[in-house]
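Structural overview
Listed below, chain by chain, are the residues.
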Amino acid sequence: MRLFIAIEFDEPTKTNITDVQRKLETFGRGRFTHQENLHLTLAFLGEVPPARVAAVRRAMDRTAVEPMTLVFDRTGRFRRDGGDIWWIGLAKNQKLSDLQQELTKHLLEEDFALEKRPFTPHITLARQVRLTTQPAQRDLLPEPFEAKVDGITLMLSERINGRLTYTPQYRKKRAD
Ligand code: ATP
Ligand code: MG
């Protein structure tokens, strides 16, 4: 099973994100993330045997999810040969960094192999993007928006009839 752990968003937040996608679309072309797939990845597990899901759940259960508000205030791109990845990024958030670090620690304790590259929290808007005009920041995101974090979700990533599909496997709620 191809698995990752992510923060999911409520519908108003997804609408805020799709508004940015619609603006980006006016500057060129790309493969835009479907609205139901919008998320922020905290940990990418990759291929995991089904019998190990219980260990992932234990790691999530040991991770305290403090109430926090994310502020999305920037857009950017990761350069790629086949066309760039465009994303929305956030203002520095210590609680989010702590959450990602604590989760990573608990996954390592359960013997999962994780990437050591630094955490760059972002929401992917589109892949394989080729723009005809470069947008200014204010063209895409005239003002920041906020999103509350409700918990973390273990997601299964698979292609179903060619369509990228994420299916929640387990949710750990935030502490109240
Ligand atoms: P696709 O790869 O089919 O274009 P995707 O990247 O959304 O789609 P996955 O590759 O299953 O789907 O990735 C799931 C999530 O994990 C995405 O948020 C992706 O950015 C992230 N991710 C994938 N690979 C890594 C990696 N090696 N390190 C960190 N995050 C990753
Ligand atoms: Mg991928």
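Residues numbered from 1 in each chain as written. Chains lettered and ligands numbered in written order. Predicted model: local features only at pLDDT ≥ 70, side-chain atom pairs only at ≥ 80, totals over all residues. Heavy atoms only, no water.

Some points on the sheet that holds strand β3 (residues 40-47)
Worth spelling out the cut-off: At least two DSSP bridges between two strands are needed for those strands to be called paired. Helical segments are the DSSP runs of H or I of at least four residues, strand segments are the runs of E of at least two, and each set is numbered from the N terminus. For helices, the axis comes from a line fit to the C-alpha atoms of the stretch in contact; other axes are also lines fit to C-alpha atoms, and the angle between any two N-to-C directions lies between 0 and 180 degrees. Two residues form a contact once any of their heavy atoms are found within 4.5 Å.
Strand order in the open sheet made by the 4 strands is β3-β1-β8-β9, with antiparallel pairing throughout. Each end of this open sheet is capped by a strand with a single partner; those strands are β3 and β9 (163-173). Shown here is a sheet whose adjacent strand axes are inclined to one another by a mean of 25°, direction ignored. The pairing of strand β8 (residues 151-160) with β9 spans 10 bridges and is antiparallel. Within β9, the residue paired with Glu158 across the bridge is Thr165. Most of the contacts of helix α3 (residues 94-109) go to β3, to which it runs at about 20°, and overall it touches β1 (2-7), β3 and β8.

Regarding the pairing of strand β6 (residues 122-131)
Sheet topology places strand β2 (residues 28-32) next to β6; 4 bridges connect them, and they run antiparallel. Along β6, the bridge assignment pairs Arg31 with Arg127.

A short note on the site of ligand 1
Rule in force here: A molecule or strand has a residue near it when one of that residue's heavy atoms lies within 4 Å. The term polar contact refers here to a pair of N or O atoms within 3.5 Å; inside protein, the definition further demands a hydrogen-donor-capable atom paired with an acceptor-capable atom, and it admits residues adjacent in sequence only when both atoms are side-chain atoms. In this description, accessible areas are obtained by the Shrake-Rupley approach with a 1.4 Å probe, and a residue is regarded as covered only by the protein chains that are shown. Ten residues, namely Ala, Val, Leu, Ile, Met, Phe, Trp, Tyr, Cys and Pro, are considered nonpolar, four, namely Asp, Glu, Lys and Arg, are considered charged, and the remaining ones, Gly among them, are considered polar.
Neighbouring residues of ligand 1: Arg2, Phe4, His39, Thr41, Phe44, Glu115, Arg117, Arg127, Ser157, Arg159, Leu164 and Tyr166. Contacts to ligand 1 include His39, whose side-chain N or O atom sits 2.6 Å from an oxygen atom. Within the side chain of Arg117, a nitrogen or oxygen atom sits 2.9 Å from a nitrogen atom of ligand 1. Against a free-state accessible area of 590 Å², the protein chains account for coverage of 74% of ligand 1. Sorting the residues of the shell around ligand 1 by element identifies β1, β3, β8 and β9 as the ones contributing at least two each. Each residue belonging to the shell around ligand 1 can be placed in one class, and the counts come to 4 nonpolar, 3 polar and 5 charged.

Describing the nonpolar core
As a rule of thumb, nonpolar side chains are buried together in soluble globular proteins. To keep it simple, the criterion reads: By convention a nonpolar core is built from buried Ala, Val, Leu, Ile, Met, Phe, Trp, Tyr and Cys residues, the set being connected through side-chain atoms within 4.5 Å. Exposure classes here rest on a 1.4 Å probe applied to the protein chains alone. A residue is buried below 20% of its type maximum, exposed above 50%, and partly exposed in between.
Among the nonpolar cores identified, the biggest contains 47 residues, and Ile5, Leu45, Phe72 and Leu107 are the most heavily contacted of them. In contact with Leu107, not counting residues within four places along its chain, are Ile5, Ala43, Leu45, Val56, Ala59, Phe112 and Leu114.

Quick notes on the sheet that holds strand β7 (residues 145-148)
Reading across the sheet, the 5 strands line up as β2-β6-β5-β4-β7 and stay open at both edges, with antiparallel pairing between neighbours. Here the strands that pair on one side only, and so sit at the sheet edges, are β2 and β7. For this sheet the average axis-to-axis angle between neighbouring strands, irrespective of direction, equals 40°. Sheet topology places strand β4 (residues 69-78) next to β7; 4 bridges connect them, and they run antiparallel. Bridge assignment links Phe72 to a residue of β7, and that residue is Phe145. Across the sheet, helix α1 (residues 11-25) is in contact with β2, β4, β5 (84-90), β6 and β7; its angle to β6 comes to roughly 15°.

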